Every structure is written in structure tokens, then in C-alpha cells.
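# Summary of the model geometry
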Amino acid sequence: MFTLRSFAFKTVPCLKTHACNAGFHAGAGVYGAKVAVVLSGCGVFDGTEIHEASAILVHLSRGGAEVQMFAPDVSQMHVVDHSKGQPAEESRNVLSESARIARGNITDLAKLGVGNHDAVIFPGGFGAAKNLSTFAVDGPDCKVNKDVERVLKDFHKAGKPIGLCCISPVLAAKILPGVEVTVGHEEEEGGKWPYAGTAQAIKALGAKHCVKEHHEAHVDHKNKVVTSPAFMCETSLHLIFDGIGAMVDDVLKLSGK
């Protein structure tokens, strides 16, 4: 117990180095595309889907990308006790919670500039619909966090690729008129696609929904937007991992790096 407590309260040496303060994660000696990953908290029901974030980071690492993680410095819509699936009477900060996934190496989304990155990727999880937007409550009438909106518009205007998976494609559908995205299938099919109704909301936003399987990604070449269903489908984790890999690979190809 003493050993664990001692480790928990030690200052992580890496956080004091220039490289870590710069916020980039990269393999030793590997320099490819500079990719921003935007998180929305920590935990599927009120923040970022952790498996999706991890899969994105693994595939980016394998692709030789330099990664910098961001999150908005705002309060979560609410906090969910993940063991019960019920709201808890407490308040948490999206940036602080996202730092758990980033191993402490996180930057306020307000500081994300399109000129410093070649692409941006948004993992899913209900945080995208609760903390990055109000989609979980308001559906097609939702509002999007001002910095999320700015980032999407800036990368789109600059012709730099945008990757989104799971529920997060609704952000692009809301902000980028006529964009093509996928959240998988448009029918629940006996519970295999429990969030299939999202496809209709995407169409209501004026975007085009493209049916794809869990292991696939859809590329909107005109808008340089790449999407994959991820956990919109009830399937095996390794298949989710593969689909996210397809999305990341296409983002890196579009970046030209």
C-alpha cells in the first residue's frame, strides 16, 4: 500500500520536460502528421469513450503521427456513476477528466490552432453529445461548444482532414452543411445497432448519412471528413478497433503526411 501511495503522489518527471509541456506524443525518432485529438471527458456515459480514444491513439502511433490532446475547460453536463448507469450528485470538469486519458498531457481546446496541426480527430462517447454539444438533450436543434465549432470550421476551411467516430459525427453534421458521415446502419436490427435513430437526426441536420459496417470508414473527399461507427454497433472490441483504424488511416492519407 505504501508503495502505491508513494507512486500516486510523485510528480511524473515527463511532465517537467519541454517535449511534454509542448503537448505532443510521438514515437521515438518518428515525425509524421501532427494530429489534434479532442476529448470530452473520461467515461462513455458522460465523457469520452475510453476504448475509442485508446484505439485512435494506438493507430496514430502506428502511423507515425505526433499527437496533441485537447479538451474544453468547461463543466460536464452531468456526472454518471458508471457502475449504476445513473447520474451522481457531483460536478466535474471536462478538461480535468480528459487529462486522465491523456496521462496528464492535455491542453485547453481554446488554444488549438489549425496552423499547428495537419488533422483533427474526435472520439465518441456521450461526452460528444453532452459536453461538446447539447445533442443528447436537443437533438437536431442542438448547440455546439464554441471552440468545437471554431475548430471544425477552421480545419474545414483550411482543407485539413477531420476524423470522427461513434456519436461524434453529429458535430460535423451540425456545423458543416451537406457533409457526408456515417454512424453505421439506419435500423436497429434487433439491437445490433441500438443508436440507429441518430442517422435520421443527421439527415434532419441537412447532412448525408452513408450506411457502413462497424469495421468500415466513410470518406467524404469533398469535405475531407472521415467517419466510422465504432460503438454505435454492439459487436466485438477488436472489430471496433479495426473500424477506428480504417478511419485513422484515411485521415492520415488525406493529411498528405
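Everything that follows concerns the structure shown earlier in this document.
Below or above, wherever it landed, is the structure these notes cover. Since the structure is predicted, the reported quantities are computational estimates derived from the model, not experimental observations. (Residues numbered from 1 in each chain as written. Predicted model: local features only at pLDDT ≥ 70, side-chain atom pairs only at ≥ 80, totals over all residues. Heavy atoms only, no water.)

## Notes on the overall build of the chain
- Of regular secondary structure, the chain possesses ten helices and twelve strands.
- Counting all 257 residues of the chain, 49% fall into the buried class.
- Only carbon and sulfur atoms are counted for the fraction: they give 53% of the accessible area of the chain, which is about 12100 Å². (Helix = DSSP H or I, 4+ residues; strand = E, 2+ residues; numbered from the N terminus. Buried < 20%, exposed > 50% of the residue type's maximum accessible area, 1.4 Å probe, protein only. Areas by Shrake-Rupley, 256 points an atom, 1.4 Å probe, with all protein chains shown as cover.)

## Considering the packing of aromatic side chains
- Enumeration according to the criterion identifies two aromatic pairs in this entry.
- The interplanar angle of 35 degrees and the centroid separation of 6.4 Å between the aromatic rings of Phe-45 and Phe-126 together place this pair among those described as tilted. One end of the pair, Phe-45, is in the loop between strand E2 (34-38) and helix H3 (50-62); the other, Phe-126, is in the loop between strand E7 (119-122) and helix H5 (127-130), with 81 residues separating them in the sequence.
- The class for Phe-45 is partly exposed, based on a relative accessible area of 32%. (Phe/Tyr/Trp six-rings, centres within 6.5 Å; stacked < 30°, edge-to-face > 60°.)

## Description of unusual backbone geometry
- Backbone geometry places Arg-103, a non-glycine residue, at a positive phi of 55 degrees.
- Within the secondary structure, Arg-103 is located in the loop between helix H4 (94-101) and strand E6 (106-108).
- Of note, the phi angle at Cys-166 is positive, near 65 degrees, even though the residue is not glycine.
- Note on placement: Cys-166 falls in the loop between strand E8 (162-165) and helix H8 (169-175).
- A residue is classified by how much of its surface remains accessible, and Cys-166, at 7% relative accessible area, is buried.

## Things to note about the packing of H3 against helix H10 (residues 237-255)
- In the contact formed by H3 and H10, the axes pass within 9 Å of each other and the chain directions differ by 50 degrees. Our classification of the angle between H3 and H10 gives oblique. For the pair H3 and H10, the crossing hand works out as right-handed. Here His-51, Glu-52, Ala-55, Ile-56, Val-58, His-59, Leu-60 and Arg-62 of H3 come into contact with H10, specifically with Leu-237, Phe-241, Ile-244, Gly-245, Met-247, Val-248 and Leu-252.
- Split into classes, the residues belonging to the contact of H3 with H10 amount to ten nonpolar, three polar and two charged. (Axes fitted to C-alpha atoms, helices over the stretch in contact; angles between N-to-C directions. Parallel < 35°, antiparallel > 145°, perpendicular 65-115°, else oblique. Left-handed = near helix turned anticlockwise from the far one by under 90°. Contact = heavy atoms within 4.5 Å. Nonpolar A, V, L, I, M, F, W, Y, C, P; charged D, E, K, R; others polar.)

## Regarding the state of the cysteines
- The tally for this structure, following the rule as stated, stands at zero disulfides.
- With no disulfide of its own, Cys-166 has Cys-165 as its nearest cysteine by sulfur position, at a separation of 6.2 Å. (Disulfide = S-S within 2.5 Å.)

## Section: the side chain of Thr-198
- On the secondary structure map, Thr-198 appears in helix H9 (residues 198-204).
- Residue classification places Thr-198 among the buried residues on the basis of a relative accessible area of 9%.

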